[in-house]
Amino acid sequence: MTIQHEDKRFGFLFNNEWKQSESGRTIEIYSPDDEQMVGQVQAMTQNEVNEAIASVKEAQAHWENKNVHERVNLLHRWADELEKRADEIGETIQHEVGKAFSSARGEVIRTAELIRHTAEDGLRVNGELMQGDGFPGGDKEQLAMIKKVPHGVVLAISPFNYPVNLAAAKIAPALIAGNGVVFKPATQGAVSGMQMVEALVNAGLPEGVLNVVTGRGSEIGDFVVQHPTIDLISFTGGTETGQRISEKATMAGVILELGGKDPAIVLSDGDLDKAAKEIVGGAFSYSGQRCTAIKRVLVMEDVADQLVEKVQEKVEALKVGKASENAQITPMINDGAADYVEELIADAKDKGAKVVTTGERQGNLLHPTLLDNVTTDMRIAWEEQFGPVLPIIRISNPLEAIELENENEYGLQGSIFTKNIDDAMMLANKLEVGTVQINGKTSRGPDHYPFLGVKNSGQGVQGIGRSISSMLRDKVIVMNM
Ligand code: NAP
Ligand code: G3H
């Protein structure tokens, strides 16, 4: 049975077979770019989800016992397969989530590189030894062997915006550590995600070590999250969904990568040309649909006019159009997302924000919008827009930026533009975020750096090495000699 049946019907992966659901129901996925159908994915029943999880549990025990080199080799072969199919999978990503082809193909290549790096780091996982006499009254002859063992069955839930990369960033570390994986892709993104999994199957994935569950998160999400066989959940997506998962998962560990409201703080002595370039790149790539997009600018009043002018010039030069035309600003993922961004812009305008630049909406395609003189009574000062609009808030003191940032519910990343290293370090130390970028845009990569959000932006740490660690737990064996 192949992955795709007639009428673009994609199967779900069960023990290396692509199957159709006994529900007889599929979910049609339409491209945000040209509104054509990308494919249909199976709406699985609870019974099928149960079987998928049970089978991963069984296969995981064998997978864990394999020599780590076997797992490393599988990951390298998977990366090879992805590289070979970069154009094809890139085209699917472009079509399915409306991402320009260069970025979509780049996502596949980045994923292959991430998988190879994960394989290499996975070889260097070691446990430790502890002697009993390290604690008062302890016995010098007593020895604890602290082994690193997998959690068991990992549930990987990914979002639409990086349907291949953010899925593989969970799957690869889980597999290298010896876990089995139940993969729940975002429905809009499931076709790309399953092609990535097909590459893994072709690379030699042993049966049942990874199964895919498809269906709307709102229908099967709670069931899978609460399933007693799931040992660890690794989730990337919206804060609301993450909080729900956290509440529902009782005994399973939970790693969350959630939303953000990353600020770019521009001080009076900042290099304004560089700041403008980084801000526009950071805020508008993939139409702002990135957790790490710059989502507000906090600029010192005395340089604000100059910065706004420079940012405006760059925003107006962005190519707006279809992903298939390799535009920079492409249609948003769906109508609801575009409506939400429009609502935030309207609220800001009503409350006195100055529209520096904007354009007509065509369906889901929103032209990039720059708003100046945004104030804290406006929703866009606080809410995650996840779209092509950038609010500028003028500040009169660098410490105001800290107050504004730390008051907000998110804490993913923040950028500071200044030539004064003391100011940069003072602000960096005070910002309640996972990562601070000095004189650069906010960004997850390079992928071996730790990546984390604080407050409502997440729980746990990702980034290749940290992700592998999070997929392992200690097993302590004490020798009493
Ligand atoms: P989302 O709506 O929260 O969906 C994410 C995933 O959760 C999808 O697979 C979705 O499935 C699933 N899901 C929905 N309801 C569920 C439930 N009750 N139980 C279990 N799973 C459920 O997020 P999105 O719209 O795809 O992505 C946008 C958001 O993700 C933004 O807020 C963005 O900031 C955040 N994000 C954060 C990071 C980060 O690294 N911090 C990275 C990327 C995105 P369905 O698709 O079937 O609904
Ligand atoms: O959308 C969230 C991603 O983790 C952002 O990754 O900074 O490489 O675009 P990125």
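Residues numbered from 1 in each chain as written. Chains lettered and ligands numbered in written order. Predicted model: local features only at pLDDT ≥ 70, side-chain atom pairs only at ≥ 80, totals over all residues. Heavy atoms only, no water.

Going by what an unreviewed UniProt entry lists, the chain is known as Glyceraldehyde-3-phosphate dehydrogenase (NADP+) and is assigned to Texcoconibacillus texcoconensis.

So, on to the site of ligand 2. Around ligand 2 lies a shell formed by Arg-110, Asn-161, Tyr-162, Arg-290, Cys-291, Thr-292, Ser-443, Arg-444 and Phe-451. Between ligand 2 and the protein, one listed contact pairs an oxygen atom with a side-chain N or O atom of Tyr-162 at 2.4 Å. Contacts to ligand 2 include Cys-291, whose backbone N or O atom sits 2.7 Å from an oxygen atom. In the complex, 96% of the free accessible area of ligand 2, which totals 300 Å², lies under the protein chains. Of the residues that constitute the shell around ligand 2, the class distribution is 3 nonpolar, 3 polar and 3 charged. (Near = heavy atom within 4 Å. Polar contact = N/O pair within 3.5 Å; in protein donor to acceptor, adjacent residues only side chain to side chain. Areas by Shrake-Rupley, 256 points an atom, 1.4 Å probe, with all protein chains shown as cover. Nonpolar A, V, L, I, M, F, W, Y, C, P; charged D, E, K, R; others polar.)

Another point: the packing of helix H2 (residues 68–84) against helix H5 (residues 165–176). Running from N to C, H2 and H5 cross one another at 155 degrees; their axes reach a closest spacing of 9 Å. Classified by the angle their axes make, H2 and H5 are roughly antiparallel. Seen from H2, the contacting residues are Val-68, Arg-71, Val-72, Leu-75 and Trp-78; seen from H5, they are Ala-168, Ile-171, Ala-172, Leu-175 and Ile-176. Of the residues assigned to the contact of H2 with H5, the class counts are 9 nonpolar, no polar and 1 charged. (Axes fitted to C-alpha atoms, helices over the stretch in contact; angles between N-to-C directions. Helix = DSSP H or I, 4+ residues; strand = E, 2+ residues; numbered from the N terminus. Parallel < 35°, antiparallel > 145°, perpendicular 65-115°, else oblique. Contact = heavy atoms within 4.5 Å.)

Here the focus is helix H9 (residues 272–284). Along its 13 residues, H9 runs 18 Å from first to last C-alpha, staying within 8% of the 18 Å computed at 1.5 Å per residue. Taken as a whole, H9 has its buried residues at Leu-272, Ala-275, Ala-276, Glu-278, Ile-279, Val-280, Gly-282, Ala-283 and Phe-284. Where the residues of H9 are buried, they touch strand S14 (262–266), strand S15 (294–300), helix H10 (301–316), strand S17 (369–372), strand S18 (389–395) and strand S19 (413–417). The backbone nitrogen of Asp-273 has a side-chain oxygen 3.1 Å away, supplied by the residue at the start of H9, namely Asp-271. (Expected span 1.5 Å × (residues − 1). Buried < 20%, exposed > 50% of the residue type's maximum accessible area, 1.4 Å probe, protein only.)

Another point: the UniProt feature "active site" (unreviewed entry) in the chain. UniProt records the feature "active site" (unreviewed entry) for Glu-257 in the present numbering. Structurally, Glu-257 is set in strand S13 (residues 253–257). For Glu-257, a relative accessible area of 8% corresponds to the buried category. For Glu-257, the contacting residues outside a window of four places in its chain are Leu-166, Lys-170, Phe-235, Thr-236, Gly-237, Phe-451, Ser-457 and Gln-462. At 3.2 Å, the side chain of Glu-257 forms a polar contact with the side chain of Thr-236. (UniProt positions renumbered as here; feature names shortened; annotations may be inferred.)

The sheet built from 7 strands is open, its strands ordered S16-S17-S18-S15-S14-S19-S20 with mixed pairing. Both outer strands of the open sheet, strand S16 (354–357) and strand S20 (435–438), are each paired with one neighbouring strand and no more. Within this sheet the neighbouring strands show an average axis-to-axis angle of 25 degrees, counted without direction. Here S14 pairs with S19 via 3 bridges, running parallel. What sits directly across from Ala-264, in S19, is Ser-415. The sheet strands contacting H10 are S14, S15, S16, S17 and S18, and the helix crosses S15 at an angle near 145 degrees. Helix H11 (residues 335–350) rests against S16, S17 and S18 of the sheet, and its axis sits at about 30 degrees to S17. (Pairing = 2+ DSSP bridges.)

Compared with the 18 Å implied by 1.5 Å per residue over 13 residues, the 18 Å span of helix H6 (residues 190–202) between its first and last C-alpha is a close match. Taking burial as the measure, the 13 residues of H6 include 12 buried ones, the bulk of the element. Every buried residue of H6 is listed here: Ala-190, Val-191, Ser-192, Gly-193, Met-194, Gln-195, Met-196, Val-197, Glu-198, Ala-199, Leu-200 and Val-201. Within two residues after H6, Gly-204 carries a phi angle of roughly 115 degrees, on the positive side.

Look at helix H4 (residues 101–122) against H5: their axes get within 9 Å of each other, and the N-to-C directions meet at 15 degrees. Classified by the interaxial angle, the pair formed by H4 and H5 is roughly parallel. Where H4 crosses over H5, the handedness of that crossing is right-handed. Mapping the contact onto sequence places Glu-107, Arg-110, Thr-111, Leu-114, Ile-115, Thr-118, Ala-119 and Gly-122 in H4 and Asn-165, Ala-168, Ala-169, Ala-172, Pro-173 and Ile-176 in H5. Of the residues assigned to the contact of H4 with H5, the class counts are 8 nonpolar, 4 polar and 2 charged. (Left-handed = near helix turned anticlockwise from the far one by under 90°.)

Right, let's get into the sheet that holds strand S9 (residues 153–157). Judged by pairing direction, the sheet is mixed, and its 6 strands sit side by side in the order S11-S10-S9-S12-S13-S21 without closing on themselves. The two strands at the open ends of the sheet, each matched to only one other strand, are strand S11 (210–212) and strand S21 (458–459). As paired strands, strand S10 (residues 180–184) and S11 are joined by 3 bridges and run parallel to one another. Its bridge partner lying in S11, Val-181 is registered against Leu-210. On top of the sheet, H5 reaches S9, S10, S11, strand S12 (232–236) and S13; it is set at about 165 degrees to S10, its chief contact. Strand contacts of helix H8 (residues 239–248): S9, S12, S13 and S21, with the helix running at about 170 degrees to S12, the strand carrying the most contacts.

Here we take up the site of ligand 1. If you check the shell around ligand 1, you find 30 residues, and the closest are Thr-187, Thr-241, Glu-257, Leu-258 and Glu-384. Measuring from an oxygen atom of ligand 1, one finds a backbone N or O atom of Ser-158 at 2.8 Å. Ala-186 is positioned with one of its backbone polar atoms (N or O) 3.4 Å from an oxygen atom of ligand 1. In the complex, the protein chains occlude 85% of the 910 Å² of accessible area that ligand 1 would expose alone.

On to the environment of Pro-206, then. Assignment of secondary structure puts Pro-206 in the loop between H6 and S11. A relative accessible area of 25% places Pro-206 in the partly exposed class. Sequence-wise, Pro-206 and Ile-146 are 60 residues apart; in three dimensions their C-alpha atoms are separated by 28 Å. Excluding anything up to four places from it in sequence, Pro-206 contacts Asn-16, Trp-63 and Leu-74.

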